[in-house]
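Each chain, letter by letter, is given below.
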Amino acid sequence: MAKEEFVDQDVEQRHDECGADGGKTAEQAADANMADEAAAATDKVSDDAGQAAQQEPAAEAKEPSAEEQVEQWRDKYLRLQAEFDNYRKRTLREKMDLVASGGADVLKSMLSVLDDVHRAVAASEKSDDITSLREGERLVAQKFEETLRQKGVVEIVAVGEEFNPDFHEAVARFDAGKEKKGKVIDVVQRGYMLGDKVLRYVKVVVGE
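Residues numbered from 1 in each chain as written. Predicted model: local features only at pLDDT ≥ 70, side-chain atom pairs only at ≥ 80, totals over all residues. Heavy atoms only, no water.

A.B. asks: So what exactly am I meant to see when it comes to the overall build of the chain here?
C.D. replies: Check the secondary structure of the chain and you find three helices and six strands. Long-range contacts, defined as pairs at least 24 residues apart, comprise 60% of the intrachain contacts of the chain with a sequence gap of at least 6. Put simply, the chain shows about 17,200 Å² of open surface, and 55% of that area lies on carbon and sulfur atoms. (Helix = DSSP H or I, 4+ residues; strand = E, 2+ residues; numbered from the N terminus. Contact = heavy atoms within 4.5 Å. Areas by Shrake-Rupley, 256 points an atom, 1.4 Å probe, with all protein chains shown as cover.)

The following block contains the structure:
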């Protein structure tokens, strides 16, 4: 009976020792897992820092040097200069075309007047009616003046006006009394305005 109690005590002692060892082993495993996780986090931080360190030189390498910047600005300047030169040539060509087309339009409007002049000359060779011929000449002159007015050309009124060097050109002076002193008393050659500009000055005789 005493032998059986001794065996039971021995088994219980071994069981207690095994239970104690088992608990200690679980705690050690948990500590080991925590240590592994901490080591993995440290390695990740180290890897991230390494990658950032590798990316910084790459970013610095993309920054253009002073020579490259100078070359880029030089290329932009040359392109801008070429574009401006092309623009200047194009606008000059357009102005020349505008002047040419404007001149052609004026000349075309004069052709109808020239036709009337030719008809008047032919009529004067065939007819002795002076009155009809003079009337035809007057109509041709009126048509010519009307054509000029349509193009902005108007005659400068001079007779009886105060002499004005901005519009008049004095070719002679005559004593015409106090009332006409400094005024235009006769026109030697008519003058015309084109818009606001003098196309041809009036040649006048001025009273003294």
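A.B. asks: Got a minute to help me understand the sheet that holds strand β3 (residues 184-189) in this structure?
C.D. replies: Consider a sheet: its strands pair through backbone hydrogen bonds, and that pairing is either parallel or antiparallel. Strand order in the open sheet formed by three strands is β2-β6-β3, and the pairing between neighbours is mixed. In this open sheet, the two strands that pair with only one neighbour each are β2 (168-174) and β3. Ignoring strand direction, the axes of neighbouring strands in this sheet form an average angle of 30°. Where β3 and strand β6 (residues 202-207) come together, four bridges link them in antiparallel fashion. What sits directly across from Gln-189, in β6, is Lys-203. (Pairing = 2+ DSSP bridges. Axes fitted to C-alpha atoms, helices over the stretch in contact; angles between N-to-C directions.)

A.B. asks: Explain helix α2 (residues 66-126) here, please?
C.D. replies: Owing to its 3.6 residues per turn, the α-helix aligns residues three or four sequence positions apart on the same side. An ideal rise of 1.5 Å per residue puts 90 Å on 61 residues; α2 measures up with 90 Å between its terminal C-alpha atoms. Largest kink in α2: about 25°, centred on Ser-112. Along α2, the residues classified as buried are Ser-109, Met-110, Val-113 and Asp-116. Of the surrounding secondary structure, the elements contacted by the buried residues of α2 are α3 (130-150). (Expected span 1.5 Å × (residues − 1). Bend = angle between axes of the 7 residues up to and from the residue. Buried < 20%, exposed > 50% of the residue type's maximum accessible area, 1.4 Å probe, protein only.)

A.B. asks: When you look at the side chain of His-168 in this model, what are you seeing that I'm missing?
C.D. replies: By secondary structure assignment, the location of His-168 is in strand β2. Relative accessible area serves as the criterion here: at 6%, His-168 is assigned to the buried category. Look past the residues within four positions of His-168 in its chain and what remains in contact with it is Val-157, Ala-158, Glu-161, Glu-162, Phe-163, Val-184, Tyr-201, Val-202 and Val-204.

A.B. asks: Looking at this structure, I do not really get the environment of Gly-195. What am I missing?
C.D. replies: Tracing the chain through its elements places Gly-195 in the loop between β4 (192-194) and β5 (197-200). What makes Gly-195 exposed here is its relative accessible area of 52%. Sequence separation of Gly-195 and Arg-149 is 46 residues, and the distance between their C-alpha atoms is 10.0 Å.

A.B. asks: Explanation requested: the nonpolar core in the structure shown.
C.D. replies: Side chains of nonpolar character tend, in soluble globular proteins, to be buried together. In terms of nonpolar packing, the biggest core is built from seven residues, these being Ile-156, Ala-158, Val-184, Met-193, Val-202, Val-204 and Val-206. Ranked by the residues each element gives to this core, the list is headed by β6, at three residues. If sequence neighbours within four positions are ignored, Val-184 has contacts with Ala-158, Val-159, Gly-160, Glu-161, Phe-163, His-168, Val-204 and Val-205. (Core = buried A, V, L, I, M, F, W, Y, C linked by side-chain atoms within 4.5 Å.)

A.B. asks: Got a minute to help me understand a nonpolar patch on the surface in this structure?
C.D. replies: A cluster of nonpolar side chains, Leu-111, Leu-114, Val-117 and Val-121, forms an exposed patch at the surface whose accessible area comes to about 310 Å². Examined against the element boundaries, Leu-114 turns out to sit in helix α2. For Leu-114, a relative accessible area of 40% gives the class partly exposed. (Patch = residues over 30% accessible without salt bridge, like charges linked within 9 Å, V, L, I, M, F, W, Y side chains within 5 Å. Salt bridge = Lys/Arg side-chain N within 4 Å of Asp/Glu carboxyl O.)

A.B. asks: What's the story with α3 in this structure? I'm lost.
C.D. replies: Taking 1.5 Å as the rise per residue, α3 with 21 residues should run 30 Å; its terminal C-alpha atoms sit 31 Å apart, in good agreement. Looking at α3, one finds that the buried residues are Leu-133, Val-140 and Thr-147. Down the axis of α3, the buried set is contained in an arc of 45°. They therefore lie on one face. Counted as exposed and oriented over 90 degrees from the buried face of α3: Thr-131 and Arg-134. Summarising the contacts, the buried residues of α3 are in contact with α2. Sitting at the head of α3, Asp-129 places a side-chain oxygen 3.3 Å from the backbone nitrogen of Thr-131. Phi turns positive one or two residues past the end of α3, at Gly-152, with a value near 90°. (Arc of directions from axis to C-beta. Polar contact = N/O pair within 3.5 Å; in protein donor to acceptor, adjacent residues only side chain to side chain.)

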